[in-house]
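Descriptive structure summary
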Amino acid sequence: MISAREARLRSDATKEKLFNSELNNIQNEIEKAISEGKRYCYYYSKITSDIKQQLENLGYYVETFTQYNETSYKINW
């Protein structure tokens, strides 16, 4: 059985990997939109509050839309 300390460390490492992966996916969408001359992009996967805060800290404006129980985001710069 692993200790609670080890479980916390592993959970934190997983959370950081997921955060970086999600941020990388969003960055790819932003880069794609930039290459098309746009000032916004849509993101159709869940954005966590931590990621939304990070984007806003970087100067992005994140709008949330919900339609047919699906959530999407418009990221403006």
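Scroll up to find the structure.
As the structure is a prediction and not an experimental result, all values here were calculated from the model.

Description of the pairing of strand β3 (residues 70-76)
With 5 of its 7 residues buried, β3 lies for the most part within the structure. As paired strands, strand β1 (residues 40-43) and β3 are joined by 4 bridges and run antiparallel to one another. If you follow Y43 over to β3, its bridge partner there is Y73. As defined by bridge partners, strand β2 (residues 61-67) adjoins β3 across 7 bridges and the pair is classed as antiparallel. Looking across to β3, one finds that Q67 is bridged to E70. Count of turn residues in the β2/β3 antiparallel hairpin: 2 residues, of which Y68 carries a positive phi of about 55°.

Quick notes on unusual backbone geometry
Positive phi values are uncommon outside glycine, yet Y68 reaches one of about 55°. Considering the arrangement of structural elements, one finds Y68 in the loop between β2 and β3. For Y68, a relative accessible area of 72% translates into the label exposed. At N69, a residue that is not glycine, the phi angle is positive and equals roughly 65°. Turning to its location among the elements, N69 is positioned in the loop between β2 and β3. On the basis of relative accessible area, N69 is assigned to the exposed category, the value being 77%.

Quick look at the side chain of S72
Position of S72 among the secondary structure elements: in strand β3. Setting aside its immediate chain neighbours within four residues, S72 contacts Y43, Y44, E63, T64 and F65.

Conventions and cut-offs
As a convention, each chain's residues are numbered from 1 in the sequence order in which they are written. Under the rules for a predicted model, residues below a pLDDT of 70 receive no local features and side-chain atom pairs below 80 are neither given nor counted, while totals for whole chains, interfaces and linings still include all residues. Computation of side-chain values covers all heavy atoms of the structure but excludes hydrogens and water. Working definition: with a 1.4 Å probe on protein chains only, accessible area under 20% of the residue-type maximum means buried, over 50% means exposed, and in between means partly exposed. Per the convention used, a helix needs a DSSP run of H or I reaching at least four residues, while a strand needs a run of E reaching at least two, with both numbered from the N terminus. Any two strands between which DSSP finds at least two bridges are classified as paired. In this description, contact between two residues means that some pair of their heavy atoms is separated by no more than 4.5 Å.

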